[in-house]
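# Overview (structure and organization)
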Amino acid sequence: MQYKRILLKLSGESLMGVQGHGIDAQRLDDYASQIGEIVENGVQVAIVIGGGNIFRGLSGAAEGFDRYKGDQMGMLATVINSLALASALQNKGVRSRVMTAIRMEPVGELYSQPKAVEALEAGEVVIISGGTGNPYFTTDTASALRGIETGANVMLKGTRVDGVYSADPEKDPTAVKFDSISFDEVYKKGLKVMDLTATTLCKENGLPVLVFNMDKKGNLMKVLKGEKTGTLVH
Ligand code: UDP
């Protein structure tokens, strides 16, 4: 396997699957199978999931919600998604545990770096929920932070596109995909890989990010086998 320990970032939005809202059981099942497959091959997996399928603080604020409370709602949304994924993994016989950035036992145990690493070393999938625990941050930033803290070799950002393009491929037919790109080029070209806080955290701590399409079955395994897929930001 290409990487020993990974931080997998899944977006909340992609959990909606084809139904366009909430959590799609089929999509969840697909993700759980893909994750189970790499765990079987000895890869240590930490996961951070977004909450955009349920609530986003910024969109809430635009509708009149208080931003601070809205962000807390968003962080709780990531906990809901994390529990859903843990349940799907359990159905596949994959051992996992949910940790939370905010204390809320017995929903999950309070996140601590040593405990997370211990569980990873024991072959358990560790789902780190609740974002960073702070408003005004995103789950991309939480992924970068948790990836660095747990010593992941790479952050795998699962999206619904194949990688990083020169323009939005869903809008611009002339957009070209990068196989690999530096953090500096991402800044210079103003590419929307992640928010700048997350990008800077990865750059300053030397955590490479691989953006790939997680919605194509078998793609996660492809990445771990070192087959060419997605875009490596380094
Ligand atoms: N959030 C937050 N602090 C964090 C992570 C997330 O306040 O450290 C909130 C924020 O309101 C965000 C929401 O949780 O809009 C959902 O996360 P995100 O938008 O990153 O999820 P995604 O778009 O990946 O589904």
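Moving on to the pattern of salt bridges. Summed over all chains, the structure comprises 19 salt bridges. Between Glu13 and Arg56 there is a salt bridge, and its shortest N-O distance comes to 2.9 Å. With Glu13 in the loop between β1 (5-10) and α1 (25-40) and Arg56 in the loop between β2 (44-49) and α2 (57-62), the pair connects residues that are 43 residues apart, well separated along the chain. Given a relative accessible area of 31%, Glu13 falls into the partly exposed group.

With that out of the way, let us pick up the sheet that holds strand β8 (residues 209-213). Reading across the sheet, the nine strands line up as β4-β3-β5-β2-β1-β6-β8-β9-β7 and stay open at both edges, with mixed pairing between neighbours. Every interior strand has two partners, whereas the edge strands, β4 (109-110) and β7 (180-181), have only one. Where strand β3 (residues 96-100) lies against strand β5 (residues 125-129), five bridges are found, and the strand directions are parallel. Looking at the pairing, Arg97 lines up with Val126 of β5. Along the sheet, α1 contacts β1, β2 and β5; its crossing angle with β2, the most-contacted strand, is approximately 155°.

Reading guide: rules and limits
Residues numbered from 1 in each chain as written. Predicted model: local features only at pLDDT ≥ 70, side-chain atom pairs only at ≥ 80, totals over all residues. Heavy atoms only, no water. Salt bridge = Lys/Arg side-chain N within 4 Å of Asp/Glu carboxyl O. Helix = DSSP H or I, 4+ residues; strand = E, 2+ residues; numbered from the N terminus. Buried < 20%, exposed > 50% of the residue type's maximum accessible area, 1.4 Å probe, protein only. Pairing = 2+ DSSP bridges. Contact = heavy atoms within 4.5 Å. Axes fitted to C-alpha atoms, helices over the stretch in contact; angles between N-to-C directions.

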